[in-house]
Amino acid sequence: MLELIWGILNITVLVYFIIICFKSTKIIREKLGILASLIFVFGLLSFISRPNDENSKANVFELENQTRKAKPKAFNENTYFISKTLEDNLMSKIELSVKYGENEKGKKLLTAFIDRSGFVSGTSWKTEMVSVEKSIIKNKCLYRISGTLEWRLLGLKIYSQPKDFNGEMELKK
């Protein structure tokens, strides 16, 4: 619920900011001329259109030893994909997905993927650490994930909330 209120607050502040920008452009045009207002508008657009490289990076973590990648058919293409919901609140969901391979020697963990979906306006998730390892219990793996949920207002970080997830998943087909 808090994320919904935060998202609505972000949208409201953004709309108010756009209204202020239009009024400011009108005042600049009247006081300084069209050239000054065009420079002001292009300056604002350059800030708005700045790409955010942090969110475009995929949160995929390799679990397999890098030297084994030379053998693409080490599992005879018997790879499986499982996922588990780590957090599911009213507005968003954080999921852990694990890809593993299976051959005559057993199961081998390959990659882990952390995904946050839903209404995420005003917040961003940054995964800091992922640990997934096979359990002593057959067909189970243990996971430990650390990350930070950043609360932002118009792109400025207001608060960082650390989150940790621990548990086990069943490696099933």
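Refer to the structure presented above.
Heads up: these notes are all about the structure in this document. (Residues numbered from 1 in each chain as written. Predicted model: local features only at pLDDT ≥ 70, side-chain atom pairs only at ≥ 80, totals over all residues. Heavy atoms only, no water.)

1. So, the overall build of the protein chain
No. 1: Within the protein chain, the regular secondary structure consists of 3 helices and 7 strands.
No. 2: Here the protein chain holds 173 residues, and 29% of them are scored as buried.
No. 3: Across the protein chain, contacts joining residues at least 24 apart in sequence account for 52% of those joining residues at least 6 apart. (Helix = DSSP H or I, 4+ residues; strand = E, 2+ residues; numbered from the N terminus. Buried < 20%, exposed > 50% of the residue type's maximum accessible area, 1.4 Å probe, protein only. Contact = heavy atoms within 4.5 Å.)

2. Digging into the pattern of salt bridges
No. 1: By the definition in use, this model includes 6 salt bridges.
No. 2: Across the salt bridge formed by Glu-3 and Arg-116, the nearest N and O atoms sit 3.1 Å from each other. Of this pair, Glu-3 sits in helix α1 (residues 2-32) while Arg-116 sits in strand β4 (residues 106-118), and the two are 113 residues apart along the sequence. Per residue, the accessibility class of Glu-3 equals that of Arg-116, and both read buried.
No. 3: Here Lys-126 ties to Glu-150 by a salt bridge, and the two come within 3.7 Å at their closest N and O atoms. Of this pair, Lys-126 sits in strand β5 (residues 123-134) while Glu-150 sits in strand β6 (residues 140-153), placing them 24 residues apart in sequence.
No. 4: Judged by its relative accessible area of 26%, Lys-126 falls in the partly exposed class. (Salt bridge = Lys/Arg side-chain N within 4 Å of Asp/Glu carboxyl O.)

3. Comments concerning the packing of aromatic side chains
No. 1: A complete count under the given rule lists 3 aromatic pairs for this structure.
No. 2: A centroid spacing of 5.5 Å and a plane angle of 40° characterise the contact between Tyr-80 and Tyr-100, whose relative ring orientation is tilted. Here the residue Tyr-80 occupies a position in strand β2 (residues 79-88), and Tyr-100 occupies one in strand β3 (residues 92-103), the gap between them amounting to 20 residues.
No. 3: Judged by relative accessible area, which is 22%, Tyr-80 ranks as partly exposed.
No. 4: Take Tyr-100: its relative accessible area is 0%, and that puts it in the buried class.
No. 5: When the ring of Trp-125 is compared with that of Phe-165, the centres are 6.1 Å apart and the planes differ by 50°; the resulting orientation is tilted. Of this pair, Trp-125 sits in strand β5 while Phe-165 sits in strand β7 (residues 156-170), placing them 40 residues apart in sequence. (Phe/Tyr/Trp six-rings, centres within 6.5 Å; stacked < 30°, edge-to-face > 60°.)

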